[in-house]
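Each chain, letter by letter, is given below.
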Amino acid sequence: MKNFIIGLCILGSFFTANARAADEKPPENPYSGDFLTRSTLTGDWWGVRNDLARKGVKLDMNITNVEQGIVSGGKDRTWEFSGRGDITLNVDTQKLGLWPGGFLTVEAEGNYNRDSNTQKLVNGKTGALMSVNTSAMFPLPGGNHFNLPELMFMQFLSPYAGLFLGKLETAGGDPNEFAHGKGDTQFMNLALNFNPLPLVGTPYSGLGAGIIVLPTKDPSAATYSFSVIQTNGKPNVTGFDDLDANKLTFANEARVRTNFFGLTGHQLFGVVFSNAKFNSIDQSFRFIIENQAIETKKGSWNVHYNFDQYLYEPQKGRGVGIFGRFGASDGNPNPLRFFGSIGVGGKGMFAERPNDRFGLGFYYLDIKQPTFRLLTTTRKFLRDEYGFEAFYNFALTPWLMLTPDIQVIRPAQRQTLKLVSLLPPVVKRNDIDPAVVLGLRMQIVF
């Protein structure tokens with residue numbers, strides 16, 4: 001069960017297409033500047049990079065390294081160093097002189113210094129369902145991988161609506177001003193980067209298509225998207241072999257910008273449904289013996305909501321605010337029944353440090369208890385999970401970020417079991433105490 005849940009935790013959330021307004025005007029020379037003030041380590045490539053950006057071709061690269069360890073509680077104390085690299089190519093066909101309204105996105109990513117056994121890693125040693133190092137779960141958990149999770153083309157038919165299709169990477173969904181991403185710039189815990197309820201039934205990467213609507217032409221003001229994607233998609237396969245499997249995920253998501261008290265905020269609401277078959281979280285020993293198969297459930301659904309709201313905003317996109325996420329699911333086959341998170345975040349709080357960030361967040365995960373019914377008894381495996389995280393992202397330069405992080409997690413897993421004797425069989429049970437996890441993250445933007 002633990003391996004199954006950890007595998008699900010690599011999945012990004014449901015998806016919102018990353019649209020741009022047709023009349024958006026980027027900085028004239030976004031990659032220029034001296035070594036300590038420019039946006040990237042490698043700069044403008046003697047002007048070539050800025051010229052490509054003006055023509056609608058942007059190539060962005062970064063690596064994220066994490067040193068993280070369990071210093072108290074959990075299943076075992078351990079330290080781990082790991083890293084992930086990401087390369088993203090964005091092409092605007094109109095700026096390139098081809099045709100208006102076309103956008104191509106290609107993303108490649110890989111992780112390194114990873115053990116193939118996830119149970120030996122920090123994410124597998126806390127006893128928690130939520131990964132304490134989200135970055136380590138992409139593109140796949142365990143081992144060293146290099147995959148192409150996204151190859152997506154979007155075509156706007158008008159300033160208000162467009163279509164997209166291809167290999168979709170879903171981690172761009174559920175956006176939030178203070179708590180979002182792959183664990184590389186804000187929080188490290190998965191539960192504070194995404195709403196975890198759609199992780200059951202939504203792949204991180206898979207073939208799909210959808211529509212996007214911009215009611216005001218401005219994607220930062222309001223967006224609505226509807227997407228269909230392969231439920232069984234993976235970043236390391238094309239997915240064409242399974243097109244006839246009828247395992248589909250349908251996602252609706254709407255987000256609107258607010259202006260309460262003259263301060264920027266956002267409200268998001270979404271619904272996700274999958275028609276695939278999933279293993280039921282309740283299993284009967286008798287059913288398994290009589291049918292030579294485990295019990296399954298057809299379909300899974302969830303609803304989710306998130307908000308962010310600046311409370312102090314001396315400049316647009318900079319200041320301090322609050323955020324929250326809430327959601328509910330069917331409870332079976334999705335064991336993550338209810339979810340809530342709340343916190344405080346900041347971006348560029350100080351004029352002299354415009355690229356610093358910080359966050360304080362708490363999450364609670366209500367678990368529908370999975371059971372295994374024996375002939376006369378019922379085994380229960382999990383309990384509700386909750387946790388706290390605090391981080392401060394020091395921008396040493398705009399392209400070099402150093403982030404100390406602390407997490408305290410009361411894990412869902414109750415006990416660890418170890419067979420200490422075969423004759424007679426003797427199983428030792430150890431209670432899992434709350435885990436205290438320390439981390440230090442460094443991101444370099446090339």
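Since the model is a prediction, treat every value here as computed from it, not as a measurement.

Bringing the side chain of D86 into the picture now. Relative to the elements of secondary structure, D86 occurs in strand β2 (residues 79–92). Look at D86 and you get buried, because its relative accessible area is 8%. At a separation of 3.0 Å, a polar atom in the side chain of D86 contacts the side chain of T88. Those residues within four positions of D86 in sequence are excluded, and the remaining contacts are D60, M61, N62, E107, A108, E109 and K182.

Okay, the environment of S39 next. Looking at the element boundaries, S39 is found in the loop between α1 (2–8) and α2 (48–54). The class of S39 is partly exposed, set by a relative accessible area of 30%. Once the C-alpha coordinates of S39 and W399 are considered, the two residues, 360 residues apart in sequence, prove to be 5.6 Å apart. Not counting chain neighbours up to four residues away, the residues in contact with S39 comprise P30, Y31, P398, W399 and V445.

Here we take up the confidence of the model for the protein chain. Per-residue confidence for the protein chain gives a mean pLDDT of 87, with 86% of residues at or over 70. When mean pLDDT is taken per element in the protein chain, strand β18 (residues 400–410) scores highest with 98 and α1 scores lowest with 37. Long-range and interchain partners of residues 1–24, a stretch whose pLDDT sits below 50, account for 88 contacts in this model, where long-range means more than four residues apart.

What follows is about the nonpolar core. Grouped together as the largest cluster of nonpolar side chains are 32 residues, with contacts concentrated most on L129, M130, L336 and Y363. Where this core is concerned, the elements lending two or more residues are β13 (336–347), β14 (357–367) and β21 (433–445). Per-element tally for this core: the top contributor is β14, with three residues. Among the nonpolar cores identified, the runner-up in size contains nine residues, and F103, F156, L168 and L214 belong to it.

One pass over the full model with this rule turns up 13 aromatic pairs. Pairing F178 with Y310 gives two aromatic rings, centres 4.9 Å apart and planes at 70°, and the pair type is edge-to-face. With a gap of 132 residues between them, F178 in the loop between β5 (161–169) and β6 (205–213) and Y310 in strand β11 (residues 296–315) connect regions that are remote in the sequence. When its relative accessible area of 2% is taken as the criterion, F178 is described as buried. According to the relative accessible area criterion, Y310 is buried, its value standing at 1%. Its guanidinium or amino end placed over the ring of F138, K182 lies 5.3 Å from that ring's centre, counting from NZ or CZ.

Where nonpolar side chains cluster on the molecular surface, the patch consists of W79, F326, I342, V344, L360, F362, Y364, Y386, F388, I406, V408 and L438 and spans about 990 Å² of accessible area. Those elements giving two or more residues to the nonpolar patch turn out to be β13, β14, β17 (385–397) and β18. Top contributing element to the nonpolar patch by residue count: β14, with three residues. Checked against the element boundaries, L438 lands in strand β21. With relative accessibility at 32%, the residue L438 sits in the partly exposed group.

Conventions adopted
- Residues numbered from 1 in each chain as written.
- Predicted model: local features only at pLDDT ≥ 70, side-chain atom pairs only at ≥ 80, totals over all residues.
- Heavy atoms only, no water.
- Helix = DSSP H or I, 4+ residues; strand = E, 2+ residues; numbered from the N terminus.
- Buried < 20%, exposed > 50% of the residue type's maximum accessible area, 1.4 Å probe, protein only.
- Polar contact = N/O pair within 3.5 Å; in protein donor to acceptor, adjacent residues only side chain to side chain.
- Contact = heavy atoms within 4.5 Å.
- pLDDT = per-residue confidence, 0-100.
- Core = buried A, V, L, I, M, F, W, Y, C linked by side-chain atoms within 4.5 Å.
- Phe/Tyr/Trp six-rings, centres within 6.5 Å; stacked < 30°, edge-to-face > 60°.
- Lys NZ or Arg CZ within 6 Å of the ring centre and 35° of its normal.
- Patch = residues over 30% accessible without salt bridge, like charges linked within 9 Å, V, L, I, M, F, W, Y side chains within 5 Å.
- Areas by Shrake-Rupley, 256 points an atom, 1.4 Å probe, with all protein chains shown as cover.
- Salt bridge = Lys/Arg side-chain N within 4 Å of Asp/Glu carboxyl O.

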